[in-house]
Amino acid sequence: MNREFLKEMLNTPSVSGYEEQMGEKLLAYGREFAEEQLTDPSGNAISVVNPQAENKILLCGHMDEIGFVVTHIDDEGWLRLTAAGGVRPKLYIGSPVEVWHQGNKVNGVIATSSELLGKDKVKDSDLLVDIGACSKEEAAERVSVGDPVCADAQVRELLNDCFSGRALDDRTGAFVVTEAARRAKLMGAGMGIYAAATTGEETSGRGAYYAAVRIKPDCAIAVDVTWASDAPGTDPGDTGEVKLGGGPVLCRASVVNKKLNALLEETAAELGMAVQWEVATGRTGTDGDTVNKAFQGIPMALVSIPLRYMHSSVEVGSWKDIEQCIELLAAFLVRLDKEMGQ
């Protein structure tokens, strides 16, 4: 597993709707093994193994992250914001941020005040970004309305093979599908594998829809993150007991295909790998929901990476979980290829 490339991904801005830089990096990385690569108007970055194969599977991991977009520059040079995705604004008060203008980074800080800290509910429109400007004119020389804004949180190594960073949701998933496709090719998988780093999952689901209707796969696997129930204040009774470092998480849900789930579980058993389970009685809140209803309906399953502090400015994951998700998916792709060939 190429940890350094994943770290590079996590340090690359990709606010939902502004994923171009990330897409370029993933396409460049995928050229090492892909026999074909696809893009589309949504901005997806898709690396393909065995494009000539009749049987096809779509792997989706979204590369966009939650963040903000500049809506206004006031007369004093403060930046006003709107949320892009499921941001929890209170967590960003006093935090350093990056404003990205035409490919250039402008450093800023979310302003803090006693009034703001005293609010029970903080809205995105309550936040002000301080870039050090003294006037609207000075700020407008460096930033524009429509520029994306993300937390300034670089990757840090923690104990027990854990690490922290911004928006592991779901650039870790985009990395997993790309690595799984590469590894499955080396293991001899013969089916068409379409590893899609999708756009817009946090806001619109546009990338998964574009990919599904274009590729028309026989089935799909979404790779996303899920809540780790070993974080403070969580309850395993909500959706299941999920521990960081406990391995890949499979999902029992009304939208998840039971045969694909069974094959994933059997593959894990063959590998001697423990899996964890979560439950979703309705939507899973992932690209899998979009793919499932695309075209004439596409069977899908969900493989999730345990995550602490999801949708905050800093999240915590496990290198072990990511490696095992790659290993499980690669072996699954080889086995599914044999199953479909019978």
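The preceding data block contains the structure.
Since this is a predicted model, take the numbers as computed values, not measurements.

Asker: Got a minute to help me understand the sheet that holds strand S17 (residues 315-318) in this structure?
Answerer: Through backbone hydrogen bonds, the strands of a sheet pair up, either in parallel or in antiparallel fashion. Taken in spatial order, the three strands of this open sheet run S10-S11-S17, and their pairing is antiparallel. The open sheet has two edge strands with one neighbour each: strand S10 (156-157) and S17. Inspection of the sheet shows S10 paired to strand S11 (residues 162-165) by two bridges, in the antiparallel sense. Bridge pairing in S11 places Arg156 opposite Ser164. This element, helix H5 (residues 168-186), spans S11 and S17 of the sheet and lies at about 30° to S17.

Asker: Would you mind going over the nonpolar core with me for this structure?
Answerer: Soluble globular proteins tend to bury their nonpolar side chains together. Residues Leu26, Ile57, Leu58, Ile193, Ile221 and Phe332 are the most contacted members of the largest nonpolar core, which totals 79 residues. With 11 residues, helix H10 (residues 319-341) is the single largest residue contributor to this core. Contacts of Ile221, omitting those with residues within four sequence positions, involve Ile57, Leu58, Leu59, Cys60, Leu264, Ala301, Val303, Leu329 and Phe332. Core analysis: the next-biggest nonpolar cluster, separate from the first, contains 22 residues, Val70, Leu81, Leu116 and Ala151 among them.

Asker: Can you help me understand the pattern of salt bridges in this one?
Answerer: Counted according to the given criterion, the structure contains 16 salt bridges. Salt-bridge contacts for Glu4 lead to Lys7; the nearest nitrogen and oxygen are separated by 3.6 Å. Of this pair, Glu4 and Lys7 both sit in helix H1 (residues 3-10), separated by three residues, roughly a single helical turn. Residue Lys243 is joined to Glu241 by a salt bridge in which the shortest nitrogen-to-oxygen separation is 3.7 Å. What emerges from the salt-bridge pattern is a single network uniting Glu4, Lys7 and Glu157.

Asker: Any chance you could explain the environment of Gly173 here in plain terms?
Answerer: Among the structural elements, Gly173 can be located in helix H5. Apart from the residues within four sequence positions on either side, Gly173 is in contact with Gly61, Val223 and Ile305.

Asker: Help me out: how do you make sense of unusual backbone geometry in this one?
Answerer: Apart from glycine, the bulk of residues carry a negative phi angle, and the bulk of peptide bonds sit in the trans form. Here the amide bond leading from Asp169 into Asp170 is cis, since omega sits at 0°, within 30 degrees of zero. Secondary-structure assignment places Asp170 in helix H5. Positive phi outside glycine occurs at Asn50, with the angle close to 60°. Inspection of the secondary structure puts Asn50 in the loop between strand S2 (45-49) and strand S3 (56-62). On the accessibility criterion, Asn50 (10% relative accessible area) is buried. With a phi angle near 55°, Phe295 is a residue other than glycine that sits in the positive phi range. Looking at the secondary structure, you find Phe295 in the loop between helix H9 (287-292) and strand S16 (300-307). Judged by its relative accessible area of 45%, Phe295 falls in the partly exposed class.

Asker: Would you explain the packing of aromatic side chains in this entry?
Answerer: Within a pair of aromatic rings, the relevant descriptors are the distance that separates the centres and the angle that separates the planes. Following the criterion strictly, the structure yields three aromatic pairs and no others. With centroids separated by 4.1 Å and ring planes inclined at 25°, the aromatic side chains of Phe163 and Trp319 adopt a geometry described as stacked. Here Phe163 is found in strand S11, whereas its partner Trp319 is found in helix H10, with 156 residues between them in sequence. Judged by its relative accessible area of 0%, Phe163 is buried. With relative accessibility at 1%, the residue Trp319 sits in the buried group. Over the aromatic face of Trp277 sits the side chain of Arg252, whose NZ or CZ is 3.7 Å from the ring centroid.

Parameters and conventions
- Residues numbered from 1 in each chain as written.
- Predicted model: local features only at pLDDT ≥ 70, side-chain atom pairs only at ≥ 80, totals over all residues.
- Heavy atoms only, no water.
- Pairing = 2+ DSSP bridges.
- Helix = DSSP H or I, 4+ residues; strand = E, 2+ residues; numbered from the N terminus.
- Contact = heavy atoms within 4.5 Å.
- Axes fitted to C-alpha atoms, helices over the stretch in contact; angles between N-to-C directions.
- Core = buried A, V, L, I, M, F, W, Y, C linked by side-chain atoms within 4.5 Å.
- Buried < 20%, exposed > 50% of the residue type's maximum accessible area, 1.4 Å probe, protein only.
- Salt bridge = Lys/Arg side-chain N within 4 Å of Asp/Glu carboxyl O.
- Phe/Tyr/Trp six-rings, centres within 6.5 Å; stacked < 30°, edge-to-face > 60°.
- Lys NZ or Arg CZ within 6 Å of the ring centre and 35° of its normal.

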